[in-house]
Amino acid sequence: MFRIRLSMHTKAMGKDPLVAMDGISVEEELPYRDLDDVIGQLTMNRYHYMLLFLCGLGFAVDAIEVVALSFISPCAGVDFSLNNSQIAAITSAVFSGQVIGSLFWGPFADVYGRWKAYMYSFYLLCAAGWASGFAPSYTSLLILRFLVGIGVGGNIVPFDMYAEFLPPKSRGKQLTYTNAFWIFGELYVIVMALWLLPEYGWRGLIFATAVPVTIGGVSSYFMLPESPRWLVSQRRFAEAEQ
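Residues numbered from 1 in each chain as written. Predicted model: local features only at pLDDT ≥ 70, side-chain atom pairs only at ≥ 80, totals over all residues. Heavy atoms only, no water.

Moving on: the overall build of the protein. Secondary structure summary: the protein contains eleven helices and two strands in total. Order of helices (α) and strands (β) in the protein, N terminus to C terminus: β-α-β-α-α-α-α-α-α-α-α-α-α. Looking at the 242 residues of the protein, the share that counts as buried comes to 48%. Of the contacts formed within the protein by residues at least 6 apart in sequence, a portion of 77% connects residues at least 24 apart. Approximately 12,000 Å² of the protein is accessible, and the part contributed by carbon and sulfur atoms is 65%. (Helix = DSSP H or I, 4+ residues; strand = E, 2+ residues; numbered from the N terminus. Buried < 20%, exposed > 50% of the residue type's maximum accessible area, 1.4 Å probe, protein only. Contact = heavy atoms within 4.5 Å. Areas by Shrake-Rupley, 256 points an atom, 1.4 Å probe, with all protein chains shown as cover.)

Structure follows, in structure tokens:
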């Protein structure tokens, strides 16, 4: 048994690395080990692959929302009798939201935790996604797709989150695997568009794109843990050890 310590954190505080944060010597308690050393000695297991799936969903959702614009924007344009500039604005709204979201969720994750940033962005994406399918007007659709973009901007967080769980020797390869989920997201939208657009129109496609977001949000709520690195940076050592 051992207790986890972040060596850089203790050194920055001017603490003796052989002394516990509460001033009790290592000899009196369980020995301390650096977090990097603990993670570095791990081997890939089912837990890591579960994290790969949950965090990879973030990339799939990103692809789903981006590719779906190719179908939703022109179809909504016909429904609302929009001109080309207004149709293009639907796409621009999503990407504008992504820019704001990416600038917001990163600092949010540093302050309030990776888990909260990931989940709150999923909540926003899920709510705005389902609501978009009921949009009664062009203006409401524009606003809701902008909020969808802000939620999609939070998908930068799971990439970092997964990286913080991975041993260095496997990190590069495993992070590359997350990009495969983008392909799955693209294929999902194409299949749903071929199936739903002729019968249910763009609203049906929006509802279909919201389904993976909902599944990912619910699954992550119960299965995705907080990053141990962030917990240690907040001096929540007992939680990090778990």
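Now that the structure has been shown, we can carry on.
Glancing now at the environment of L147. Residue position: L147 is located in helix α6 (residues 138-152). L147 gets classed as partly exposed once you look at its relative accessible area, which sits at 28%. Between the C-alpha atom of L147 and that of S121, which follows or precedes it by 26 residues, the distance is 9.9 Å. Non-local contacts of L147, meaning those with residues more than four positions away in its chain, are made with L124 and A128.

Structurally, W115 can be placed in helix α5 (residues 114-132). With 42 residues separating them along the chain, W115 and V157 place their C-alpha atoms 8.7 Å apart. Leave out the neighbours within four places in its chain, and W115 touches M161, S220, Y221, L224, P225 and E226. Here the side chain of W115 touches L224 through a polar contact of 2.9 Å, landing on its backbone oxygen. (Polar contact = N/O pair within 3.5 Å; in protein donor to acceptor, adjacent residues only side chain to side chain.)

To continue, consider helix α3 (residues 46-79). Working note: α-helix, 3.6 residues per turn, so residues spaced by three or four point in the same direction. The end-to-end C-alpha distance of α3, which contains 34 residues, comes to 47 Å, matching closely the 50 Å that a straight helix rising 1.5 Å per residue would cover. The sharpest bend along α3 measures roughly 40° and falls at L69. Looking one or two residues beyond α3, the residue adopting positive phi is S81, at roughly 55°. (Expected span 1.5 Å × (residues − 1). Bend = angle between axes of the 7 residues up to and from the residue.)

Moving on: unusual backbone geometry. Comment: phi is negative for the bulk of residues other than glycine, and the bulk of peptide bonds are trans. Non-glycine residue S81 carries a positive phi angle of around 55°. Among the secondary structure elements, S81 is positioned in the loop between α3 and α4 (84-112). Relative accessible area serves as the criterion here: at 64%, S81 is assigned to the exposed category.

So, about the packing of α3 against helix α9 (residues 180-223). Between α3 and α9, whose axes approach to 7 Å, the crossing angle comes to 155°. When the axes of α3 and α9 are compared, the pair comes out roughly antiparallel. The two elements α3 and α9 meet at a crossing, and its hand is left-handed. Along the lines of polarity and charge, the residues of the contact of α3 with α9 split into 29 nonpolar, six polar and five charged. (Axes fitted to C-alpha atoms, helices over the stretch in contact; angles between N-to-C directions. Parallel < 35°, antiparallel > 145°, perpendicular 65-115°, else oblique. Left-handed = near helix turned anticlockwise from the far one by under 90°. Nonpolar A, V, L, I, M, F, W, Y, C, P; charged D, E, K, R; others polar.)

Counting residues in hydrophobic clusters, the biggest one holds 31 residues, and the most contacted among them are W105, A117, L125, V157, Y162, V213 and L224. If one sorts the elements of this core by residue count, α5 sits on top with eight residues. Residues in contact with L125, not counting those within four places in the same chain, are V61, E65, V148, G151, V152 and V213. (Core = buried A, V, L, I, M, F, W, Y, C linked by side-chain atoms within 4.5 Å.)

This brings us to the packing of α3 against α5. Interaxial distance between α3 and α5 falls to 12 Å at its minimum, and their mutual angle equals 35°. Regarding α3 and α5, the two cross each other, and that crossing is left-handed. Contacts between α3 and α5 involve L54, C55, G58, V61 and E65 from the former and Y118, F122 and L125 from the latter. Taken together, the residues of the contact of α3 with α5 sort by class into six nonpolar, one polar and one charged.

Considering every residue of the protein, the mean pLDDT works out to 81; 81% of them sit at 70 or more. Ranking the elements of the protein by mean pLDDT puts helix α1 (residues 7-12) last, at 43, and α6 first, at 95. In this model, residues 6-28 is a region of pLDDT below 50 whose contacts with residues beyond four sequence positions or in other chains number 29 contacts. (pLDDT = per-residue confidence, 0-100.)

This part takes up the packing of aromatic side chains. Following the criterion strictly, the structure yields 14 aromatic pairs and no others. Ring geometry for W105 against F108: centres 5.5 Å apart, planes inclined by 75°, an arrangement best described as edge-to-face. Linking W105 with F108, this pair stays in helix α4, spanning three residues, or about one helical turn. Here the two residues W105 and F108 agree in accessibility, since each one is buried. With centroids separated by 5.9 Å and ring planes inclined at 85°, the aromatic side chains of F181 and F184 adopt a geometry described as edge-to-face. Placement of the pair is F181 and F184 together in helix α9, with a separation of three residues, close to one helical turn. Take F181: its relative accessible area is 13%, and that puts it in the buried class. Here the aromatic cluster, defined as three or more aromatic residues joined through ring pairs, consists of F104, W105, F108, Y112, Y120 and Y123. (Phe/Tyr/Trp six-rings, centres within 6.5 Å; stacked < 30°, edge-to-face > 60°.)

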